[in-house]
Amino acid sequence: MEVKGTAALYPGTFDPVTYGHLDIAERCVRIFDRFIMAVAVNPTKEPLFDVDERLEMLRAVTGDMAGVEVDRFEGLTVEYARKRGAQVIVRGLRALSDFEEEFKMAAANRKLADEINTVLMLPSEKYFYLNSSLVKEIARLGGPVECFVPPVVEERLREKLASRAY
Ligand code: ADP
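Rules behind the numbers
- Residues numbered from 1 in each chain as written.
- Predicted model: local features only at pLDDT ≥ 70, side-chain atom pairs only at ≥ 80, totals over all residues.
- Heavy atoms only, no water.
- Salt bridge = Lys/Arg side-chain N within 4 Å of Asp/Glu carboxyl O.
- Helix = DSSP H or I, 4+ residues; strand = E, 2+ residues; numbered from the N terminus.
- Pairing = 2+ DSSP bridges.
- Axes fitted to C-alpha atoms, helices over the stretch in contact; angles between N-to-C directions.
- Contact = heavy atoms within 4.5 Å.
- 1 Å grid on protein atoms, 1.4 Å probe; cavity = no way out; pocket = protein on both sides within 12 Å on 5 of 7 lines; lining within 4 Å.
- Points joined across faces, edges and corners; volume = space filled by probe spheres on them.
- Nonpolar A, V, L, I, M, F, W, Y, C, P; charged D, E, K, R; others polar.
- Patch = residues over 30% accessible without salt bridge, like charges linked within 9 Å, V, L, I, M, F, W, Y side chains within 5 Å.
- Areas by Shrake-Rupley, 256 points an atom, 1.4 Å probe, with all protein chains shown as cover.
- Near = heavy atom within 4 Å.
- Polar contact = N/O pair within 3.5 Å; in protein donor to acceptor, adjacent residues only side chain to side chain.
- Sits in = over half its atoms within 2 Å of the grid points.

Q: For the pattern of salt bridges, give the residues involved together with the corresponding values.
A: If you walk through the whole model with that rule in mind, you get 17 salt bridges. In this structure, Arg72 and Asp52 form a salt bridge, with 3.4 Å as the shortest nitrogen-oxygen distance. Highlighted residues: Arg72 in strand S3 (residues 68-74) and Asp52 in helix H2 (residues 51-62), separated in sequence by 20 residues. The partner of Glu69 in a salt bridge is Arg84, with the nearest N and O atoms 2.4 Å apart. Taken together, the residues Glu69 in strand S3 and Arg84 in helix H3 (residues 77-84) connect sequence positions 15 residues apart.

Q: Please give an account of the sheet that holds strand S5 (residues 117-121) that cites residues and values.
A: Reading across the sheet, the five strands line up as S3-S2-S1-S4-S5 and stay open at both edges, with parallel pairing between neighbours. Because the sheet does not close on itself, it has two edges, and the strands there are S3 and S5. Ignoring which end each strand starts from, the neighbouring axes of this sheet average 30 degrees apart. Strand direction decides the pairing type here: strand S2 (residues 34-41) and S3, joined by seven bridges, are parallel. The residue bridging Met37 from the neighbouring strand is Val70, located in S3. Helix-sheet contacts for helix H1 (residues 19-29) involve strand S1 (7-12), S2, S3, strand S4 (88-92) and S5, and the interaxial angle to S2 is about 150 degrees. The strands touched by H3 are S1, S2, S3 and S4; relative to S3, the strand with the most contacts, the crossing angle is about 135 degrees.

Q: Tell me about the layout of surface pockets, and name the residues and values.
A: Space inside the largest pocket adds up to approximately 1,100 Å³. Breaking the lining of the largest pocket down by element, the ones donating at least two residues are S1, H1, S2, S4, helix H4 (96-112) and helix H5 (132-140). Here the lining of the largest pocket gets nine residues from one element, more than from any other, and that element is H4. In terms of residue class, the lining of the largest pocket is made up of 18 nonpolar, 15 polar and nine charged.

Q: Describe a nonpolar patch on the surface, listing the residues and the values that go with them.
A: Together, Leu122, Phe128, Tyr129 and Leu134 give the surface a local cluster of nonpolar side chains, amounting to about 370 Å² of exposed area. With respect to the helices and strands, the residue Tyr129 is situated in the loop between S5 and H5.

Q: Account for the side chain of Thr18, with residues named and values stated.
A: If you trace the backbone, Thr18 turns up in the loop between S1 and H1. In contact with Thr18, other than residues within four places in its own chain, are Leu130, Asn131, Ser132, Val135, Phe148 and Val149.

Q: Help me get a handle on the site of the ligand, residues and values and all.
A: Contacts to the ligand come from 16 residues, most closely from Tyr10, Thr13, Lys45, Gly92 and Leu130. With respect to the ligand, the backbone of Phe14 contributes an N or O atom lying 2.9 Å from an oxygen atom. One of the side-chain nitrogen or oxygen atoms of His21 is found 3.0 Å away from an oxygen atom of the ligand. Expressed as a share of its isolated accessible area of 550 Å², the protein-covered part of the ligand is 88%. At a threshold of 2 Å from the grid points, most atoms of the ligand map onto the largest pocket. Within the residue set of the shell around the ligand, elements represented by two or more residues are S1, H1 and S4. Class assignment for the residues of the shell around the ligand results in seven nonpolar, five polar and four charged.

Structure, rendered in structure tokens:
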């Protein structure tokens, strides 16, 4: 697919999307011509939110960000990147602990598709410790999550946890 400019794909589970993901997205829309946030449909993971719910939240929180496209994909990330004409895969790097996993994944993706480059982005330092699992755990324990996720996600978390027996 021939597309003008540089397109970047930001793949992830986004279960749910947090201010850490959005911090990366805000940095990327300033760099790339097209920016695609895509929910990876991974049958081996057991997410709290189903794919459609994760997509709805992503769309809601990126609605006012020009240049962001939201989508879902199954299978190999590099195949989907090729299909969408993305030359770059973006991943977030918080702590040194992220490095090994991201390095391995970037190296594997390079083996599969040498023309696609992985860019590892640092979020603002206030999000260095933040991940979706932490947010879900705090929400489950009844703690406040408004400093980690946008209001629409906070609301969906509350609804989801209320509908489940813990
Ligand atoms: P995955 O299961 O693919 O890791 P996640 O939704 O957990 O999906 O994360 C998607 C990407 O976003 C990963 O590259 C992850 O490192 C990054 N990320 C998650 N939380 C943050 C954060 N607080 N700051 C920066 N990057 C983040």
